[in-house]
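Reading the structure
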There are 2 protein chains.
Amino acid sequence: MSLVVIGTVAFDAIETPFGKTDRIIGGSASYAGLAASYLYNKVKIVAVVGDDFPQSDIDDFNNHGIDTEGLQIKKGEKSFFWSGKYHNDMNTRDTLVTDLNVLADFDPIIPESYQDCEYLMLGNLTPQVQQTVIKRLRNRPKLIVMDTMNFWMNIAWDDLMDTLKLVDVLTINDEEARQLSGEFSLVKAARKILTMGPKYLVIKKGEHGVLLFDNDSVFATPALPLADVFDPTGAGDTFAGGFIGYLAKVGTINFNNMKNALIYGSALASFCVEKFGPERIKDLTEEDINARLKAFVGLSRFDI
Amino acid sequence: MSLVVIGTVAFDAIETPFGKTDRIIGGSASYAGLAASYLYNKVKIVAVVGDDFPQSDIDDFNNHGIDTEGLQIKKGEKSFFWSGKYHNDMNTRDTLVTDLNVLADFDPIIPESYQDCEYLMLGNLTPQVQQTVIKRLRNRPKLIVMDTMNFWMNIAWDDLMDTLKLVDVLTINDEEARQLSGEFSLVKAARKILTMGPKYLVIKKGEHGVLLFDNDSVFATPALPLADVFDPTGAGDTFAGGFIGYLAKVGTINFNNMKNALIYGSALASFCVEKFGPERIKDLTEEDINARLKAFVGLSRFDI
């Protein structure tokens, strides 16, 4: 049994009000895979890179126990590259460069050894590719979590609707929930989105925390207030990796476990933003994570 | 012993995407006083109106057990009038009309019977008037909670700084916390504001909930996600009234009780936005309030 993460493994160049990086490792599968690896020991990645991608970074994944058999390396081609600049509020950003490179014709090949997939994390990619992965798995995973973004709502609506029908959990941000549903109220947006396929909806609100909806209930967790947010890149993917990693660890899917999964995801995401790229989530200790979980309990617990 | 609320008692005309009102009752002391009256039975108001203010609305206050001896009625003058229009997001609004009328030269007279004030809520008014109230109380109240807004930061900075030195709790929204401190990070903003006088800082974030800081701790509560927000006017004052009303009820000031006070304030504010003006908070039952508190517990409680 395993947790398969599909997404991008890529290079990013990031500028924030606090500094600037050259090409560093990024991509949704990198963040989600690393985050999940702290909670579950059978994490497997499906992604594609060019032969410009350093072996040392693949070794990094393997050292976290992440299986990279499904990471295709395209000879003579270049890895996906994204460059962006964050505004002073750190919530909005401009994309400076998007070089699809190997991603342009990504065909997600599922190694035979991945057919034991029980938990599937569909990182942000074209809905068509996300759907292909589901169809190539001979057994329907116990849990499919899907991330997406406004870009696909704009250019691939029908594919997105088809893919949504196949998943259990959708994770999007508040603006995306509004766009997807055409409703301003997040309660109404959730009601509508839960008729599109997913049984659970996770709405990510950045510094304002996360909401979880199913048809009967709603749960909210605040984000940990941080003195310094250094780089928000990858926080959403780190959250998603922690979220599904926790559910894989406990093995039972219900609303109560999803609440805790939200806390674990939020805790891991709170580390992610403390340094550039995935640097901070590369070498977390169990003590680090436990201390952060304790901070979340202190932040939210009251006794009425 | 009593809870004294100083603020405005006024007329509002409100337009939201859901409808429009003629002149209805509004003002910070109206909302805060009504909210506090559900939790504490010795609430007293200091405010000023013109003789255009209906006796039936004063009777409403009295029927809630609110003492109106400190509500001055100026013969031949008009009550403060505010008119505003909310944008579609319901978080931003344009002020259409501000007629100060009786408020222009408001001298807050403290009746002798109010000198037993133990809990003082300074609703949003000029910092100079807020300060006058503190100075006219012979005994320093056990707890002083102050609300203010960006407007006073722009035009009465020095008075605001002087008044801040005299209070225990400041309640402002996130943008105001950033403006007051010059810090974007709310953690850094809180650290700075807590050197200006208040021992506790409450940051109101509307639909994103509330943060509470002291020098050692932080607590966050989400807002209850609502399908319909009809009119946000007065939600912040209702919150403040519920907050100080709860503390007056329990009688002990510490961080733990403040957490619960945040929940009570948020619960009352969640009613306020369901109808125009203070209509919804005029006739709440104990069952209504308990059910809403239970909803908050369900919304926030997890077990790690």
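Starting from 1, residues in each chain are numbered consecutively following that chain's sequence as written. Chains and ligands are labelled by the order in which they are written, letters from A for the one and numbers from 1 for the other. This being a predicted model, a pLDDT of at least 70 is required before a residue's local features are given, and a value of 80 or more before pairs of side-chain atoms are given or counted; all residues contribute to the totals for chains, interfaces and linings. For side-chain calculations, the full set of non-hydrogen atoms in the structure is used, while hydrogens and water are omitted.

**Focus on the packing of helix 1 (residues 28-37) of chain A against helix 8 (residues 235-250) of chain A**
All names here are of chain A. Fitted lines through C-alpha atoms serve as axes, helices being fitted only where they are in contact, and the angles separating the N-to-C directions of these axes extend from 0 to 180 degrees. For the purposes of this entry, the term helix denotes a DSSP run of H or I that reaches at least four residues, the term strand denotes a run of E that reaches at least two, and both are numbered from the N terminus. Contact geometry of helix 1 with helix 8 gives a least axis separation of 7 Å together with a crossing angle of 40°. In terms of orientation, helix 1 lies oblique with respect to helix 8. The two elements helix 1 and helix 8 meet at a crossing, and its hand is right-handed. Of the residues in helix 8, those touching helix 1 at S28, Y31, A32, A35 and A36 are D237, T238, G241, G242 and G245. Broken down by class, the residue content of the contact of helix 1 with helix 8 amounts to four nonpolar, five polar and one charged. Note on terminology: angles under 35 degrees are roughly parallel, angles over 145 are roughly antiparallel, angles of 65 to 115 are roughly perpendicular, and the others are oblique. Crossing handedness: left-handed means the near helix sits turned counterclockwise from the far one by under a right angle, and right-handed means the same turn made clockwise. In what follows, a contact means two residues having at least one pair of non-hydrogen atoms within 4.5 Å. Residues are grouped as follows: Ala, Val, Leu, Ile, Met, Phe, Trp, Tyr, Cys and Pro are nonpolar; Asp, Glu, Lys and Arg are charged; every other residue, Gly included, is polar.

**A short note on the relation of the copies chain B and chain A**
Residues reaching a pLDDT of at least 70 in both copies supply the C-alpha atoms on which the copies are superposed by least squares. Superposition record for chain B on chain A: RMSD 0.0 Å, screw rotation 180°, translation along axis 0.0 Å. On the angle and the small slide along the axis, the relation comes out as a two-fold axis. Mapped onto chain A, 100% of the interface residues of chain B again fall at the interface, so both copies present the same surface.

**Some words on the interface of chain B and chain A**
Every contact between the two is made by 37 residues of chain B and, on the other side, 37 residues of chain A. One speaks of a salt bridge when a side-chain nitrogen belonging to Lys or Arg is within 4 Å of a carboxyl oxygen belonging to Asp or Glu. At the boundary of chain B with chain A, the tally comes to four salt bridges. Among the secondary structure elements, those contributing two or more residues to the side of chain B that touches chain A are helix 6 (174-181), helix 7 (186-193), strand 13 (210-213), strand 14 (218-221), helix 9 (255-272) and helix 10 (286-300) of chain B. Ranked by residues supplied to the side of chain B that touches chain A, first place goes to helix 10 of chain B with six residues.

**Some points on the pattern of salt bridges**
It is possible for side chains of opposite charge to pair when their charged atoms get near one another. One pass over the structure, following the stated rule, counts 36 salt bridges over all chains. One salt-bridge network, in which partners are shared between bridges, spans A:D57, A:D60 and A:K282.

**Describing the packing of helix 6 of chain B against helix 7 of chain B**
All names here are of chain B. In contact at an axis separation of 9 Å, helix 6 and helix 7 are set at 60° when each is read in the N-to-C sense. With respect to helix 7, the axis of helix 6 lies oblique. Pair helix 6 / helix 7 crosses with left-handed handedness. Across from D174, A177, R178, L180 and S181 in helix 6, the residues of helix 7 making contact are L186, A189, K192 and I193. Split into classes, the residues belonging to the contact of helix 6 with helix 7 amount to five nonpolar, one polar and three charged.

**A short note on the sheet that holds strand 14 of chain B**
All names here are of chain B. Pairing between strands is defined by DSSP: at least two bridges between the two strands are required. Within the open sheet, the nine strands sit side by side as 6-5-1-9-10-11-12-13-14. Their pairing is mixed. At either end of the open sheet lies a strand with only one pairing partner, and these are strand 6 (67-74) and strand 14. Adjacent strand axes in the sheet meet at a mean angle of 15° when their direction is disregarded. Two elements, strand 9 (residues 117-122) and strand 10 (residues 143-147), share four bridges in a ladder whose sense is parallel.

**Topic: the packing of aromatic side chains**
One pair of aromatic rings is described through two measures. These are the centre distance and the angle between the planes. Here the aromatic set is Phe, Tyr and Trp, taking the six-membered ring for Trp, and pairing holds for ring centres within 6.5 Å; pairs whose planes are under 30 degrees apart are stacked, those over 60 apart are edge-to-face, and all others are tilted. All chains considered together, the criterion is met by 16 aromatic pairs over all chains. For the pair B:Y40 and B:Y119, a centre-to-centre distance of 6.3 Å together with 75° between the ring planes defines the contact as edge-to-face. Of this pair, B:Y40 sits in the loop between helix 1 (28-37) and strand 5 (43-50) while B:Y119 sits in strand 9, placing them 79 residues apart in sequence. Just as B:Y40 is buried, B:Y119 falls in that class too. With 6.0 Å between their ring centres and 25° between their planes, B:F239 and B:F243 make a pair best called stacked. In this pair, B:F239 and B:F243 are both assigned in helix 8 (residues 235-250), four residues apart and thus about one turn of the helix distant. Here B:F239 and B:F243 have matching classes, each one buried. Chaining the aromatic ring pairs together yields one cluster made of A:F18, A:F230 and A:F276. Taking the ring centre of B:F11 as reference, the NZ or CZ of B:R23 above it sits at 3.9 Å. Over the aromatic face of A:F302 sits the side chain of B:R301, whose NZ or CZ is 5.5 Å from the ring centroid. Think of it in three bands: with a 1.4 Å probe and only protein chains considered, a residue is buried below 20% of the maximum accessible area for its type, exposed above 50%, and partly exposed in between. Ring-over charges, as used throughout, are those where CZ of Arg or NZ of Lys falls within 6 Å of the ring centre and within 35 degrees of the ring normal.

**Brief notes about the pairing of strand 2 (residues 10-16) of chain A**
Regular strands place side chains that alternate from one sheet face to the opposite one. Residue and element names in this part refer to chain A. When you tally the buried positions in strand 2, you get six out of seven residues, the bulk of the element. Judged from the three bridges that link them, strand 2 and strand 4 (residues 24-26) form a sheet pairing that is antiparallel. Its bridge partner lying in strand 4, D12 is registered against I24. Sheet topology note: the strand 2/strand 7 (residues 81-86) ladder contains five bridges and is parallel.

**Examining the sheet that holds strand 9 (residues 117-122) of chain A**
Residues and elements named next belong to chain A. With respect to topology, nine strands assemble into an open sheet ordered 6-5-1-9-10-11-12-13-14, the strand pairing being mixed. Two strands bound the open sheet, and with one partner strand each, they are strand 6 (67-74) and strand 14 (218-221). Averaged over all neighbouring strand pairs, the angle between strand axes comes to 15°, with direction disregarded. With six bridges joining them, strand 5 (residues 43-50) and strand 6 adopt parallel strand pairing. In the strand pairing of strand 6, V49 is matched with I73. Here helix 8 sits on the sheet and contacts strand 1 (2-6), strand 9, strand 10 (143-147), strand 11 (169-173), strand 12 (200-204) and strand 13 (210-213); the angle it forms with strand 9, its principal contact strand, is near 165°.

**Looking at the pairing of strand 12 (residues 200-204) of chain B**
All names here are of chain B. Across the five residues of strand 12, five count as buried, placing the element largely inside the fold. Where burial is concerned, the two faces of strand 12 agree: the one with Y200, V202 and K204 and the one with L201 and I203 are both buried. Across five bridges, strand 11 (residues 169-173) lies against strand 12 in parallel orientation. Bridge pairing in strand 12 links L170 to L201. By the bridge criterion, four bridges tie strand 12 to strand 13 in an arrangement that is antiparallel. Looking at strand 13, one finds that V202 is bridged to L212. Counting the residues between successive antiparallel strands, the hairpin from strand 12 to strand 13 contains five residues, one of them, G206, with a positive phi of roughly 60°.

**Looking at the environment of B:F80**
Following the sequence through the fold, B:F80 ends up in the loop between strand 6 and strand 7 (81-86). Discounting chain neighbours no more than four positions away, the residues touching B:F80 are B:T8, B:A10, B:F11, B:T98, B:D99, B:L100, B:N101, B:V102 and B:L103.

**Here's the deal with the UniProt feature "domain: Carbohydrate kinase PfkB" (unreviewed entry) in chain A**
UniProt positions are given in the numbering used here, feature names are shortened, and annotations may be inferred rather than shown by experiment. In the UniProt entry, the feature "domain: Carbohydrate kinase PfkB" (unreviewed entry) is given for residues 5-278 of chain A. Secondary structure within residues 5-278 of chain A divides into 34% helix and 26% strand; the distance between the first and last C-alpha atoms comes to 16 Å.

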